[in-house]
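Here's the letter readout for the chains.
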Amino acid sequence: MTDMKGISRRSFLTGSAVLGGAAALAGLAGCSPAPKDTSMAETGSATEEDWLGEAPALTEADCDNVVDADVVVIGSAVAGSLSAFGALENGAKVVMLERNKIFHYGGNQGSFLNSEFQKQSGKPTYDPKEIVYHIVGNTANRCDIRQWRVWADRSGELVDTLIEKVLTPAGIPFTCSPAPDEPELWLNRVFDINVVLGDPTKDNYKEFLSGMHAYLADNGADIRYNTKAEVLVQDEAGRVTGVIATAEDGSRTLFKAAKGVIVCTGSYAGNAAMVKKFQQEKVAKLLEEGNVYTMYMDTEDLSSAEPMDDGIGHRMMCWAGAEMEGGPHGFLGWPNGGHIGCPNLEVDQAGRRYMNEALFPVNQVQQVVSAASMPSGAFTWEISSTEDRLMPCFIGIDPNVLDAIAKSGTGVYQADTLEELAELIDVDPATFTATIERYNEMCEKGVDEDFMKSSEYLIPVKNPPFYAFNEKWVFVCSIAGVHTNDKFQVLNADHEVIPGLFAAGNTVGRRFGYAYESSGMGMSNSQAMVAGYVAGETAAKA
Ligand SMILES: Cc1cc2nc3c(=O)[nH]c(=O)nc-3n(C[C@H](O)[C@H](O)[C@H](O)COP(=O)(O)OP(=O)(O)OC[C@H]3O[C@@H](n4cnc5c(N)ncnc54)[C@H](O)[C@@H]3O)c2cc1C
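Quick caveat: nothing in here was measured; it's all calculated off a predicted structure. (Residues numbered from 1 in each chain as written. Predicted model: local features only at pLDDT ≥ 70, side-chain atom pairs only at ≥ 80, totals over all residues. Heavy atoms only, no water.)

**Student:** Which parts of the structure should I look at to understand empty space enclosed by the protein?
**Tutor:** Left-over empty space is what a probe sized like a water molecule reveals as it rolls over the atoms. All chains considered together, the criterion is met by five cavities of 30 Å³ or more. Quantified by volume, the largest cavity comes out at close to 790 Å³. His104, Tyr293, Cys477, Asn506 and Asn525 are, among the 50 residues lining the largest cavity, the residues nearest its centre. Among the elements of the structure, α3 (78-89), β6 (227-234), α10 (312-319), β9 (331-336), β13 (466-478) and α15 (523-541) are those that each provide at least two residues to the lining of the largest cavity. Grouping the amino acids of the lining of the largest cavity by side-chain chemistry returns 28 nonpolar, 18 polar and four charged. (1 Å grid on protein atoms, 1.4 Å probe; cavity = no way out; pocket = protein on both sides within 12 Å on 5 of 7 lines; lining within 4 Å. Points joined across faces, edges and corners; volume = space filled by probe spheres on them. Helix = DSSP H or I, 4+ residues; strand = E, 2+ residues; numbered from the N terminus. Nonpolar A, V, L, I, M, F, W, Y, C, P; charged D, E, K, R; others polar.)

**Student:** It is not clear to me how the layout of surface pockets should be interpreted in this structure. Could you clarify?
**Tutor:** The volume enclosed by the second largest pocket comes to roughly 260 Å³. Around the second largest pocket, the lining comprises 14 residues; the ones closest to its centre are Asn138, Asn363, Gln366, Tyr514 and Ala515.

**Student:** Which parts of the structure should I look at to understand the pattern of salt bridges?
**Tutor:** Where charged atoms of side chains with opposite charge meet at close range, the side chains can pair. One pass over the structure, following the stated rule, counts 23 salt bridges. Among the ionic pairs, Glu357 bridges to Arg353, the shortest N-O distance being 2.9 Å. Just as Glu357 is buried, Arg353 falls in that class too. With its nearest N and O atoms 3.3 Å apart, the salt bridge here joins Glu449 to Arg438. Of this pair, Glu449 sits in the loop between α14 (429-445) and β13 while Arg438 sits in helix α14, and the two are eleven residues apart along the sequence. Among the residues examined, Glu449 registers a relative accessible area of 40% and is labelled partly exposed. Overlapping salt bridges, with partners in common, bring together Arg353, Glu357, Asp448 and Lys453 in one network. (Salt bridge = Lys/Arg side-chain N within 4 Å of Asp/Glu carboxyl O. Buried < 20%, exposed > 50% of the residue type's maximum accessible area, 1.4 Å probe, protein only.)

**Student:** What is the right way to look at the side chain of Ser384 in this model?
**Tutor:** Mapping Ser384 onto the fold places it in strand β11 (residues 379-384). Its relative accessible area of 5% is what places Ser384 among the buried residues.

**Student:** What should I look at first to understand the site of the ligand in this one?
**Tutor:** Within the structure, the ligand sits among 37 residues, and Glu98, His104, Tyr293, Ser524 and Asn525 are positioned closest to it. At 2.5 Å from an oxygen atom of the ligand is found a side-chain nitrogen or oxygen belonging to Tyr293. Protein burial of the ligand: of its 1000 Å² of free accessible surface, 99% is covered by the chains. Of all the elements in the fold, those that place two or more residues in the shell around the ligand are α3, β6, β9, β13 and α15. Each residue belonging to the shell around the ligand can be placed in one class, and the counts come to 19 nonpolar, 15 polar and three charged. (Near = heavy atom within 4 Å. Polar contact = N/O pair within 3.5 Å; in protein donor to acceptor, adjacent residues only side chain to side chain. Areas by Shrake-Rupley, 256 points an atom, 1.4 Å probe, with all protein chains shown as cover.)

**Student:** So what exactly am I meant to see when it comes to the environment of Lys445 here?
**Tutor:** In this structure, Lys445 sits in helix α14. On the basis of relative accessible area, Lys445 is assigned to the exposed category, the value being 51%. Placed 13 residues apart in sequence, Lys445 and Leu458 show a C-alpha to C-alpha distance of 9.3 Å.

**Student:** Is there a simple way to think about the pairing of β13 in this case?
**Tutor:** Side-chain positions along a regular strand alternate between the two faces of the sheet. Here β13 lies mainly inside the structure; 13 of its 13 residues are buried. Taken together, the six bridges between β9 and β13 define a ladder with antiparallel strand orientation. Each bridged residue has a counterpart across the sheet, and for Gly333 the counterpart in β13 is Phe475. Examined bridge by bridge, β11 and β13 share six bridges and lie antiparallel to one another. Across the sheet, Ile383 pairs through a bridge with Ala468, a residue of β13. Alignment of strand β12 (residues 412-415) against β13, held across four bridges, turns out to be antiparallel. Residue pairing across strands places Val412 opposite Phe469, the latter belonging to β13. (Pairing = 2+ DSSP bridges.)

**Student:** Is there a simple way to explain unusual backbone geometry in this structure?
**Tutor:** Leaving glycine out, the prevailing phi sign among residues is negative, and the prevailing peptide bond configuration is trans. Omega for the peptide link from Gly327 to Pro328 comes to -10°, which places this bond in the cis form. Counting through the fold element by element, Pro328 comes out in the loop between α10 and β9. Cis geometry marks the peptide bond from Pro464 to Pro465, where omega comes out at 5°. Considering the arrangement of structural elements, one finds Pro465 in the loop between α14 and β13. Despite not being glycine, Phe488 shows a phi value in the positive range, around 65°. Within the secondary structure, Phe488 is located in the loop between β13 and β14 (489-491). What makes Phe488 buried here is its relative accessible area of 1%. Phi angles above zero are rare outside glycine, and His495 is one such case at about 60°. Position of His495 relative to the elements: it lies in the loop between β14 and β15 (497-503).

**Student:** What is the right way to look at the packing of α3 against helix α7 (residues 206-218) in this model?
**Tutor:** How two helices pack is summed up by the angle between their axes together with the distance between the axes. Interaxial distance between α3 and α7 falls to 10 Å at its minimum, and their mutual angle equals 30°. Comparing their axes, α7 and α3 come out roughly parallel. By crossing handedness, the relation of α3 to α7 is classed as left-handed. Facing α3, whose interface residues are Val78, Ser81, Leu82, Ala84, Phe85, Leu88 and Glu89, α7 presents Phe208, Leu209, Met212, His213, Tyr215 and Leu216. The residue inventory of the contact of α3 with α7, partitioned by class, reads ten nonpolar, two polar and one charged. (Axes fitted to C-alpha atoms, helices over the stretch in contact; angles between N-to-C directions. Parallel < 35°, antiparallel > 145°, perpendicular 65-115°, else oblique. Left-handed = near helix turned anticlockwise from the far one by under 90°. Contact = heavy atoms within 4.5 Å.)

**Student:** Even after reading the chapter, I still don't get the pairing of β15, so can you show me in this structure?
**Tutor:** For β15, the tally of buried residues reaches five of seven residues, placing the bulk of the element in the interior. Both strand β8 (residues 252-263) and β15 contribute to a ladder of three bridges, which runs parallel. Within β15, the residue paired with Val263 across the bridge is Ala503. Examined bridge by bridge, β14 and β15 share two bridges and lie antiparallel to one another. Residue pairing for β15: Leu491 is matched across the bridge by Val497. Hairpin connection of β14 to β15: five residues between the antiparallel strands, including His495 at a positive phi of 60°.

Written as structure tokens, this is what we have:
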């Protein structure tokens, strides 16, 4: 068996970094070749039984200040900013709390349906039912169809409003992505519904969310950074009436919410007990190897060593009577290393082929964790003799550029024989060569008799030099939470509305089922935005 320590002892191929290509790759794929790992917030000793813990016994008497608002939003990233926007646009007095010095920002892919902007850009108009039915299938029938109906009905109008009110006045770019060059590469089928908000080469929402925060502040929202929400406040009837939060200087404030509190605190992947409780065992293992939640954030934007993804928002809502979606929960993960988005042969650490490599990378991760052979160390090998013919890439990057990026990464091995390559990567040579012999036979026939990969992607591994690219699978964020209705009002165990409590983004349950949904690129961001907007609007109108 190989482990990462074993790899680091070996000599790597090196090459010059192709930064423009890397940025474009990251921008288009929502992936990055060089993640920053963050460790889990709690130790592996945490047990799933104690995931909920006790609500802090804080009351108004423990607070130094009281602030009155109509709507209080907890978390200020995609879901939080759009919640505040929805509430503000509907006349509410809004406070938004952010525990960090700046909002979390991830990738800038978003999928929106039938907006005027997309129509004017020549994009197709889709039947919402066609896409929602497709999403239902992709979520293994676990999603709440009503949530996606709301997304289908309102995402187009929302992106048009954002373009008109926020992006255009602030000079923030927005573009429709080109249609995928190789749509047949994505077994799950992708619709051409992607709009990038912000500079498409940057692959993050920093610019867009900075624009949102400026708009919100200019229009009267009270945004408190470095202010961490600790516990919700309820009246005797169970209505959520506010939240107690602690500022950087240790002072506590009770933020009273006459109309509602919207919890938008994002992923819980930094909480080991919650991960144990709600994620599959192998997914939890993957997470131990690499949680890349803050991978796109600049170091100077992270104000404290405390992870932002400790699941406090989920727990606050459960302390107030909410019910979590049953496990196993969904997560977003992807590979780092190799030719991301190119369907070259993949083998596991035993040297066996384990999937159809033409799956979209965020879906490939599901194959990795569900295959019996998922290794400790969460990495696999992409094998090719890339000098023969470069594989096309589903995101339309020039294969030569992509090849240069792949070869400049770490974990790249080259050998003149397959046996030598197997030795280099600590894979059993007999299994490895038998796998490649079988693969080459199928390539010659033009039929993948094992995993049904399309014939155009069957390129034999025949002529030296042979390459092995280490693919490290990483956990990006959890994508599940509490039960809500289609106004994103949080429900209790009897599926009744908890008055005054809303959720949006990655605190909401039944968005995705087991896995990230990829009918378009960026389904999570746009669904989080619509949920936030609708929650804010509903709270403001209460
Ligand atoms: C690196 C990365 C790249 C991604 N790329 C894409 C993509 O391209 N397309 C796509 O659709 N999806 C993408 N995703 C997934 C998607 O971004 C998330 O699902 C989406 O951002 C969810 O947004 P959110 O607002 O719910 O949560 P988050 O973005 O996680 O934000 C939560 C916010 O709440 C704050 N917070 C947490 N606790 C508290 C507290 N107690 N008090 C106050 N504030 C608190 C945090 O500091 C943070 O700012 C990506 C995710 C990551 C991590």
